[in-house]
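Inside the fold
Now for the letters of each chain:
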Amino acid sequence: MPTPHISAQPGDFAPAVLMPGDPKRAQRMAETVLDQARLVTDVRGTLGFTGRLAQAGPHQGQPLSIMASGMGMASIGIYATELFRFYDVERIIRVGTAGGISPQVEVGHRVIAVGAHSASSMNELRLPGVHFAASADLTMAAAAWALARAEEAAGAEPEAVTWAGAVVTNDHFYFAVPGQLEALERHHVLAVEMETASLYAVAAEFGRAALSVLTVSDHLTRPDPQMSADQRETSFQGALRLALAAAFA
Ligand code: HPA
């Protein structure tokens, strides 16, 4: 039965769902990654597609879904909950962007979010008296990491540089808590974004798997130039390769 936020029928989603934030990105991904892509939900313009993996290789032809998450912990929390609860989805892989924090992490690099710090009350409410440790699925993280290392060893483009570690998931895009950025940098947090801690917590609630593979699109502590449209696309394709490795791990 369709849910309040997803108009798909039972069975419309594949076991693995790739989740960019932006619905237009979800549509472009579906057009390039999937064969026989069909729109399965469009409530609020949050587009979701299911098809079969087009890419030649051992997983070609396997079912795969791509659906947008919207922005922020609340939005991704709603979609992830409904996908796990009502559509028997097993794995969600967020393919998003993040702002770099660690000075070693450059614009265009990829980040595999092993864990996600957050000050959001959403996760604080889950375990009374305990700070929630939002963590990635190890099988998917290991598959993404293995491919990243193989690409680095093969001398792929600099965009293939990949970091694995902690990110911070913030509720605010524009408001900065004084002193927080410096503290995050001192604790070697790689990047900031707005969804991962919620996705990982919902996956924990349902005993399912989640991973975020992020492209660093801007930087908070380095003067890196903005990415060109071409760089953006190349970096995104790099993150997508890791996400696909995770989806079929
Ligand atoms: N902050 C939060 N989320 C983001 C950023 C940022 O700087 N860049 C991309 N997603």
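Here's what I pulled together on the structure shown here.

Side chains of a nonpolar character, in soluble globular proteins, are inclined to be buried together. Counting 71 residues, the largest nonpolar core has F13, L18, L64, L83, I92 and L211 as the members making the most contacts within it. The dominant element in this core, judged by the number of residues it contributes, is helix 7 (residues 229-247), at eight residues. Residues contacting L211, with those up to four places away along its chain left out, are I92, I93, R94, I112, A113, A136, M140, A141, A144, L199, Y200 and A246. Core analysis: the second largest hydrophobic core is formed by five residues, I101, V168, V189 and V192 among them.

What follows deals with the packing of helix 1 (residues 23-33) against helix 7. At a closest axis distance of 13 Å, the pairing of helix 1 and helix 7 adopts a crossing angle of 70°. Taken together, the axes of helix 1 and helix 7 are roughly perpendicular relative to one another. Like other packed secondary-structure pairs, helix 1 and helix 7 cross with a definite hand, here right-handed. The segment helix 1 lies against helix 7, with R25, M29 and V33 engaging E233, F236, L240 and L244. For the contact of helix 1 with helix 7, the per-class residue count stands at five nonpolar, no polar and two charged.

So, about the environment of S7. Among the structural elements, S7 can be located in the segment before strand 1 (16-19). Look at S7 and you get partly exposed, because its relative accessible area is 30%. Taking the C-alpha atoms as reference, S7 lies 36 Å from W163; in sequence the two are 156 residues apart. Setting aside anything within four residues of it in sequence, one finds S7 in contact with P2, V40, T41, D42, V43 and Y87.

Around the ligand, the structure places T97, A98, G99, F173, V192, E193, M194, S217, D218 and L220. The backbone of G99 places a nitrogen or oxygen atom 3.2 Å from a nitrogen atom of the ligand. Interatomic distance of 3.0 Å between a side-chain N/O atom of D218 and a nitrogen atom of the ligand. Coverage of the ligand by the protein chains reaches 87% of its 260 Å² of free accessible surface.

Rules of the game
Residues numbered from 1 in each chain as written. Predicted model: local features only at pLDDT ≥ 70, side-chain atom pairs only at ≥ 80, totals over all residues. Heavy atoms only, no water. Core = buried A, V, L, I, M, F, W, Y, C linked by side-chain atoms within 4.5 Å. Buried < 20%, exposed > 50% of the residue type's maximum accessible area, 1.4 Å probe, protein only. Helix = DSSP H or I, 4+ residues; strand = E, 2+ residues; numbered from the N terminus. Contact = heavy atoms within 4.5 Å. Axes fitted to C-alpha atoms, helices over the stretch in contact; angles between N-to-C directions. Parallel < 35°, antiparallel > 145°, perpendicular 65-115°, else oblique. Left-handed = near helix turned anticlockwise from the far one by under 90°. Nonpolar A, V, L, I, M, F, W, Y, C, P; charged D, E, K, R; others polar. Near = heavy atom within 4 Å. Polar contact = N/O pair within 3.5 Å; in protein donor to acceptor, adjacent residues only side chain to side chain. Areas by Shrake-Rupley, 256 points an atom, 1.4 Å probe, with all protein chains shown as cover.

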